[in-house]
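Listed below, chain by chain, are the residues.
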Amino acid sequence: MKIAFAGTPEFAAVALRAILDAGFDVPLVLTQPDRPAGRGMSLQASPVKKLALERGIVVDQPEKLRTPEQRERLAACAPDVLVVAAYGLILPQAVLDLPRHGCLNIHASLLPRWRGAAPIHRAIEAGDAETGITIMQMDAGLDTGAMLLRRALPIDAADTTSTLHDKLAALGGTMIVEALRALPTLTPTAQPEDGVTYASKIAKSESALDFTAPAETLARKLRAFDPFPGGAGTLRGTALKLWRGDAVEGAGTPGEVLAADDSGVVVACGQGALRLTELQKPGSKRLPAADFLRGFAIAAGERFEPVAG
C-alpha cells in the first residue's frame, strides 16, 4: 500500500517515524513551508521535513492545496491513503477524494470532545480525567469524520501539555500503524451528536492569570499553557512569566501575596490560593521559586495587578 503523509510538528514526526519503521511505502511527504524561527529568524524546516529528508523521501511544501498545480505532486503520487497529523492546512474535497482509501487523521482527543486546534491544552485546562487518540476518516467538516480507532489515555495530575503531548504522540504512532495494517477491514463509526466540544487555538492573550478565579482553575491553566504561552502576571510593574503552581489553602484579596519563601510564592485567589513554584522575569530563564526570589525579592502584602478589562 502506497501512503502519502501530511504533517508538520513533532507530534506528526512521531507518527511518520512509526509508519516508516513499520515498513510502509511512503513516497511523498507534505509539510508546511519553512518558517522563520529563533533569535535570528532564519528559515527552519519542520520536524516532519527533517525526518523525511533523513529517510530520503520526496517532500512537497505547498502554501495551500486549492489548485491543481498545488496538488500536482500528490496527484502524481497516486497514494492509496493519505495520513494527516497536525498538518496545518485545510484539505479541499479534491484532496479528500484523491486516495483510494481516503484520508486518515490522527487526532489528539476522544472525539467528539475537543474538535479543533488545541485539544491537548483544552483537555488539561478543563480538568478532564482522560483524553486519547482518535483515528478518523476525514471529511469536509472540522474533525467530524467517522471514527476508525479510539483509545483513551489518563491525564495525570502533574501532566502539562508538553508531557501529555509526548504520550499522545507515541500512542498516535502506534494506532496509525494498527489502522493502516487493518485497512480496509476497519468499520467506520459515526461520531455521536452528544458531547461535542471545540478546542479553540491558544491565544497569547490568554496567558494573563485572573486571580479572582479559583486556584484550582489557575493551576490547571498553568499546566495547560506549558510550554506555550505560559502564565503571566504583573508585579511592581514588571511582567513575570508564571510556569508552575499548586492550589493550596489560603485567603485574601485576589492577587495578594500571602507568603514568599523557598517553597513558592503564595497568591490569594477567588477561592483558595496558588503557590507559584516556577517563575521567570524578563530577560531571564525559568527558575524554581527559591532561585527566582534570590534575584527578585517578593514580600507578603504585595499584590499582582488585576487583569485589565
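Fair warning: this is a prediction, and the values are worked out from it, not measured in the lab. Starting afresh in each chain, residues are numbered from 1 along the sequence in its written order. Residues qualify for local features only when their pLDDT is at least 70, as the model is predicted, and side-chain atom pairs are given and counted only at 80 or more; totals for whole chains, interfaces and linings, by contrast, use all residues. Excluded from the side-chain calculation are hydrogens and water; included are all heavy atoms of the structure.

Visitor: I tried to follow the sheet that holds strand β6 (residues 81-85) on my own but got confused; where do I start?
Guide: Hydrogen bonds between backbone atoms are what pair the strands of a sheet, whose relative direction is either parallel or antiparallel. Any two strands between which DSSP finds at least two bridges are classified as paired. Helix and strand definitions here come from DSSP, where helices need a minimum of 4 consecutive H or I residues and strands a minimum of 2 consecutive E residues; each element is numbered from the N-terminal end. The strand order across the open sheet formed by 7 strands is β5-β2-β1-β6-β7-β9-β10, and the pairing between neighbours is mixed. Of all strands in the sheet, those bounded by a partner on one side alone are β5 (58-60) and β10 (147-154). Ignoring which end each strand starts from, the neighbouring axes of this sheet average 20° apart. Relative to strand β9 (residues 130-137), strand β7 (residues 103-107) runs antiparallel, the two sharing 4 bridges. Counted as the bridge partner of N105 is M136 from β9. Along the sheet, helix α1 (residues 10-21) makes contact with β1 (2-7), β2 (25-30), β6, β7 and β9, crossing β1 at roughly 165°. Note on geometry: axes are lines fitted to C-alpha atoms, helical ones only across the stretch in contact, with angles between N-to-C directions running from 0 to 180 degrees. Residue contacts follow a heavy-atom distance rule, with two residues in contact if any of their heavy atoms lie within 4.5 Å.

Visitor: Explain the packing of helix α5 (residues 119-126) against helix α6 (residues 161-182) to me, please; I cannot follow it from the model alone.
Guide: To characterise two packed helices, one gives the angle between the axes of the helices and the distance between these axes. In the contact formed by α5 and α6, the axes pass within 10 Å of each other and the chain directions differ by 125°. By the angle between their axes, α5 is oblique relative to α6. Note that α5 runs across α6; the crossing there is right-handed. In this structure, α5 contributes I120, H121 and I124 to the contact, and α6 contributes T161, L164, H165 and L168. Residues are grouped as follows: Ala, Val, Leu, Ile, Met, Phe, Trp, Tyr, Cys and Pro are nonpolar; Asp, Glu, Lys and Arg are charged; all remaining types, including Gly, are polar. Across the contact of α5 with α6, the residue classes break down as 4 nonpolar, 3 polar and no charged. Roughly parallel refers to an angle under 35 degrees, roughly antiparallel to one over 145, roughly perpendicular to one between 65 and 115, and oblique to any angle outside these ranges. The crossing is said to be left-handed when, going from far helix to near helix, the turn is anticlockwise and less than a right angle, and right-handed when the turn is clockwise.

Visitor: Hey, could you run me through the packing of aromatic side chains in this one?
Guide: How two aromatic rings sit relative to each other is set out by the distance from centre to centre and by the angle between their planes. Pairs were defined over the aromatic rings of Phe, Tyr and Trp, the Trp ring being its six-membered one, requiring ring centres within 6.5 Å. Orientation was assigned from the angle between planes: stacked under 30 degrees, edge-to-face over 60, tilted for the rest. Across all of its chains, the model carries 2 aromatic pairs by this definition. Taking 5.4 Å as the distance between ring centres and 40° as the angle between the ring planes, the aromatic pair formed by F211 and F304 counts as tilted. Here F211, found in the loop between β11 (198-199) and α7 (215-224), pairs with F304, found in the segment after α8 (289-295); they are 93 residues apart in sequence, far enough to count as distant. With a 1.4 Å probe rolled over the protein chains alone, any residue whose accessible area is under 20% of its type maximum counts as buried; one over 50% counts as exposed, and the rest are partly exposed. F211 gets classed as buried once you look at its relative accessible area, which sits at 5%.

Visitor: How should the pairing of strand β12 (residues 231-235) be read in this particular structure?
Guide: The side chains of a regular strand alternate, residue by residue, between the two faces of the sheet. Side-chain alternation along β12 places G231, G233 and L235 on a buried face and A232 and T234 on a face that remains uncovered. Sheet topology note: the β12/strand β13 (residues 238-248) ladder contains 5 bridges and is antiparallel. Looking at the pairing, A232 lines up with K241 of β13.

Visitor: Sorry if this is basic, but what is going on with unusual backbone geometry here?
Guide: Outside of glycine, negative phi angles account for most residues, and trans bonds account for most peptide bonds. A cis amide bond links L111 with the next residue in sequence, P112, at an omega value of 15°. Position of P112 relative to the elements: it lies in the loop between β7 and β8 (115-116). Residue L183 is joined to P184 through a cis peptide bond whose omega torsion reads -5°. Looking at the element boundaries, P184 is found in the loop between α6 and β11. With a phi close to 50°, A86 is a non-glycine residue in the positive phi region. Tracing the chain through its elements places A86 in the loop between β6 and α4 (93-96). On the basis of relative accessible area, A86 is assigned to the partly exposed category, the value being 37%. Positive phi, normally seen in glycine, also occurs at R236, with a value near 55°.

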